[in-house]
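Given next are the chains, with one letter for each unit.
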Amino acid sequence: MGIFTILLAWIEKKTYTKSGEFFAILTALLLGLHLMIMGSHLMIVYLGIELVSISSYALTYFADNKRSTQGSLRYILFGAMSSGVMLYGISWLYGLTGSLVFLDTVFWETLAIQPPLLVTIALILTLSGILFKIAVVPFHVWAPDIYDAAPLSVVTFFSIAPKLAALFILLIISQLDTIDKFGFQSFIAILSIASITIGNFSALAQSNSRKMMAYSSIAHSGFLLIGLLGRNTFSVETFLFYSITYLFINVSAFLLLLWLERITDSHTIHDYKGLGMNFPGLGIAIVIIMIALAGLPPTVGFTAKLLIFSSLWTIYTQSGNVLLLILFGWGLLNIAVSIFYYLRIPYYLFFKSGTTSYSPSIKSFHWTEIILLIAVMAPVLVLFFKSSWLTESLGLFLR
C-alpha cells in the first residue's frame with residue numbers, strides 16, 4: 001500500500017513529493033501499522049496506533065492550503081480524544097486483570113469473572129481507539145472532512161491501510177474461544193448495521209466526490225465487520241478476500257478521481273459533466289470501478305459481497321442470533337441503495353452535456369499512469385472469473 005501511495009503522489013505532481021519529510025513520515029506510519037498488527041500487548045498496540053495517528057495528522061497537512069490545515073487540526077482533536085479514551089480503557093483493563101497481554105486466554109478468563117458492567121465499559125473505551133481507525137459509526141465523524149482536506153494520495157492510504165490494520169486486530173480477537181462470553185458478535189453486528197446505514201444514506205446526499213467516497217468507505221467498513229462475526233476458517237477467508245479486493249478497487253477509484261480532479265481542478269461531481277465523451281477510456285474505467293464498489297457483476301466486488309453474505313448466512317444458521325438476520329436483510333437492501341450514488345459520477349460523465357472547462361494541455365495521460373491503472377484494475381475483472389485463484393491461495397495460507 002505504501003508503494004501505491006508513493007506512485008499516486010508522483011502522479012499528483014505536488015511539491016511535497018520532492019521533500020524527504022513526506023516519505024519519512026509515510027515510513028513512520030508504515031512502522032506504526034506493523035506494530036499494531038504484530039503486538040500481543042495492548043500498550044504495544046496503543047503505541048502503534050499513536051504512531052499511525054501522529055503521522056496521519058502530519059500527512060493531512062501536506063496539501064499545504066487552508067482546507068488541509070483546518071482538516072489536520074480537526075483530525076488532531078478527534079484523534080487526541082480517541083487516544084485518551086482508549087488509554088483510559090486500557091488502564092481499566094489492567095486494573096481488572098493485572099495484565100495487558102490480550103492474546104492470552106487467562107486475560108479473557110479473568111475478565112469473565114469481573115462485574116459485567118465494569119468489563120463492558122472497559123472494553124468499549126479500549127476499542128474506541130481501534131474503531132476510530134476503522135471509521136465505523138459512531139467513530140466516523142472525522143472521515144469526510146479529512147478525505148476532503150488531505151492530498152488524494154494520502155486519502156487513498158487512509159482509506160485502506162489503517163482500516164485493515166485495525167480490523168486485523170479485531171479479527172485476531174474474534175477468533176479467541178472466550179470472546180463469545182462478552183457479547184462480541186452482537187456488538188460487531190450493531191456496529192456493522194449502523195455503519196452500512198449511515199455510510200450509504202449519507203453518501204446519497206453528497207455532491208463532493210471525496211466526501212462521497214468517505215461515506216462509501218464507512219459503509220464498506222460495515223461490510224468488512226461482517227467477516228469478524230464467525231469463528232471459522234470460511235469467515236476469515238471471506239474477510240481476507242474482501243480486504244484484498246477492496247484494496248485494488250479503492251486504489252483504482254482514487255486514481256481515477258485524481259485524474260478527474262487534475263482535469264477539472266474540482267471535487268464536485270457536477271463539474272464532471274460530459275468528460276466521458278472527451279475521455280472515453282477514463283469514463284469506461286470509472287463505470288467499471290463504480291460497479292465494483294457497488295458489488296455488481298462482472299467485477300470482483302460482486303464475488304466479495306457474495307462471499308461475505310454467504311458467510312453471514314452460515315453464521316446466522318449456526319447461532320440463531322436475530323441481529324445477524326437483520327444485518328443480512330438490511331445489508332442486501334443497502335447494496336441497492338449504494339447503486340444510486342455510485343452511478344452518479346458515470347451519469348454526469350456520459351449523460352450530462354459537457355459545459356465544464358478543463359485544461360487544454362490535458363489531452364492524454366502518461367503511459368506509466370495508464371500501466372498503473374491497468375495493474376490495479378486487472379484483478380477487479382480477472383478475479384470475478386477466476387476467484388478460485390485467490391480463495392485457494394487464502395485457503396493454503398490459513399492452513
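We now turn to the structure provided with this report. Predicted, not measured: the structure shown is a model, and the values here were computed from it.

Take the overall build of the protein chain next. The secondary structure content of the protein chain amounts to 19 helices and zero strands. The C-alpha radius of gyration of the protein chain comes to 21 Å, within 12% of the 21 Å expected for a compact globule of 399 residues. Projected onto its principal axes, the C-alpha coordinates of the protein chain cover approximately 70 × 45 × 40 Å. Counting only residues that meet the buried cut, the protein chain has 56% of its 399 residues in that class.

A separate point is helix 6 (residues 116–134). Over its 19 residues, helix 6 extends 26 Å from the first C-alpha to the last, a length consistent with the 27 Å expected when each residue adds 1.5 Å. Of all bends in helix 6, the biggest is about 40°, found at Ser 128. Just beyond helix 6, the residue with positive phi is Ala 135, at close to 65°.

Before going further, it helps to spend a moment on unusual backbone geometry. Note that the residue after Val 137, namely Pro 138, is joined by a cis bond; omega there is 10°. Note the cis peptide between Pro 297 and Pro 298, where omega equals 5°. Along the chain, Pro 298 falls in the loop between helix 14 (280–294) and helix 15 (300–319). With a phi angle near 65°, Ala 135 is a residue other than glycine that sits in the positive phi range. Its location among the elements puts Ala 135 in the loop between helix 6 and helix 7 (143–149).

Glancing now at the packing of aromatic side chains. Here the structure, examined in full by the defined rule, presents 18 aromatic pairs. With a centroid separation of 6.0 Å and 25° between ring planes, the pair formed by Tyr 347 and Phe 351 is classed as stacked. A residue pair is termed a helical-turn pair when its members lie 3 or 4 positions apart in one helix, as Tyr 347 and Phe 351 do in helix 17 (residues 344–351) at four residues. Exposure remark for Phe 351: the relative accessible area of 65% places this residue in the exposed category.

With that settled, the discussion passes to helix 15. The first and last C-alpha atoms of helix 15 sit 29 Å apart over 20 residues, in line with the 28 Å expected at 1.5 Å per residue. Where helix 15 is concerned, the buried positions are Val 300, Gly 301, Thr 303, Ala 304, Lys 305, Leu 307, Ile 308, Phe 309, Ser 311, Leu 312 and Ile 315. Just downstream of helix 15 lies Gly 320, where phi reads positive at about 70°.

Counting residues in hydrophobic clusters, the biggest one holds 129 residues, and the most contacted among them are Ile 130, Leu 229, Leu 260 and Ile 345. Per element, the largest residue contribution to this core is 18 residues, and it comes from helix 12 (residues 233–264). When near neighbours in sequence (up to four residues on either side) are disregarded, Ile 345 contacts Ser 209, Met 212, Leu 257, Leu 260, Ile 269, Tyr 272, Ile 286 and Met 290.

The next point concerns the side chain of Ser 83. Positionally, Ser 83 belongs in helix 4 (residues 66–97). Those residues within four positions of Ser 83 in sequence are excluded, and the remaining contacts are Tyr 46 and Glu 50.

With that out of the way, let us pick up the side chain of Thr 97. Mapping Thr 97 onto the fold places it in helix 4. Given a relative accessible area of 16%, Thr 97 falls into the buried group. At 2.8 Å, the side chain of Thr 97 forms a polar contact with the backbone oxygen of Ser 99. The contact partners of Thr 97, leaving out residues within four places of it in the chain, are Phe 107, Thr 110 and Leu 111.

A few words on the packing of helix 12 against helix 14. The relative placement of two packed helices comes down to the angle between their axes together with the axis-to-axis distance. The contact between helix 12 and helix 14 brings their axes to 10 Å, and the two run at 140°. Of the possible angle classes, the one that applies to helix 12 and helix 14 is oblique. The two elements helix 12 and helix 14 meet at a crossing, and its hand is left-handed. For the pair helix 12 and helix 14, contact is made by Ile 249, Asn 250, Ser 252, Ala 253, Leu 256, Trp 259, Leu 260 and Ile 263 and by Leu 282, Ala 285, Ile 286, Ile 289, Ala 292 and Leu 293, respectively. Residue composition of the contact of helix 12 with helix 14, grouped by class: twelve nonpolar, two polar and no charged.

What follows is about a nonpolar patch on the surface. A surface patch of nonpolar side chains, about 330 Å² in accessible area, is lined by Leu 31, Leu 35, Ile 44 and Leu 47. Position of Leu 31 among the secondary structure elements: in helix 2 (residues 20–38). Under the relative-accessibility criterion, Leu 31 is labelled partly exposed at 49%.

The rules we used
- Residues numbered from 1 in each chain as written.
- Predicted model: local features only at pLDDT ≥ 70, side-chain atom pairs only at ≥ 80, totals over all residues.
- Heavy atoms only, no water.
- Helix = DSSP H or I, 4+ residues; strand = E, 2+ residues; numbered from the N terminus.
- Rg over C-alpha atoms; globule rule 2.2 N^0.38 Å.
- Buried < 20%, exposed > 50% of the residue type's maximum accessible area, 1.4 Å probe, protein only.
- Expected span 1.5 Å × (residues − 1).
- Bend = angle between axes of the 7 residues up to and from the residue.
- Phe/Tyr/Trp six-rings, centres within 6.5 Å; stacked < 30°, edge-to-face > 60°.
- Core = buried A, V, L, I, M, F, W, Y, C linked by side-chain atoms within 4.5 Å.
- Contact = heavy atoms within 4.5 Å.
- Polar contact = N/O pair within 3.5 Å; in protein donor to acceptor, adjacent residues only side chain to side chain.
- Axes fitted to C-alpha atoms, helices over the stretch in contact; angles between N-to-C directions.
- Parallel < 35°, antiparallel > 145°, perpendicular 65-115°, else oblique.
- Left-handed = near helix turned anticlockwise from the far one by under 90°.
- Nonpolar A, V, L, I, M, F, W, Y, C, P; charged D, E, K, R; others polar.
- Patch = residues over 30% accessible without salt bridge, like charges linked within 9 Å, V, L, I, M, F, W, Y side chains within 5 Å.
- Areas by Shrake-Rupley, 256 points an atom, 1.4 Å probe, with all protein chains shown as cover.
- Salt bridge = Lys/Arg side-chain N within 4 Å of Asp/Glu carboxyl O.

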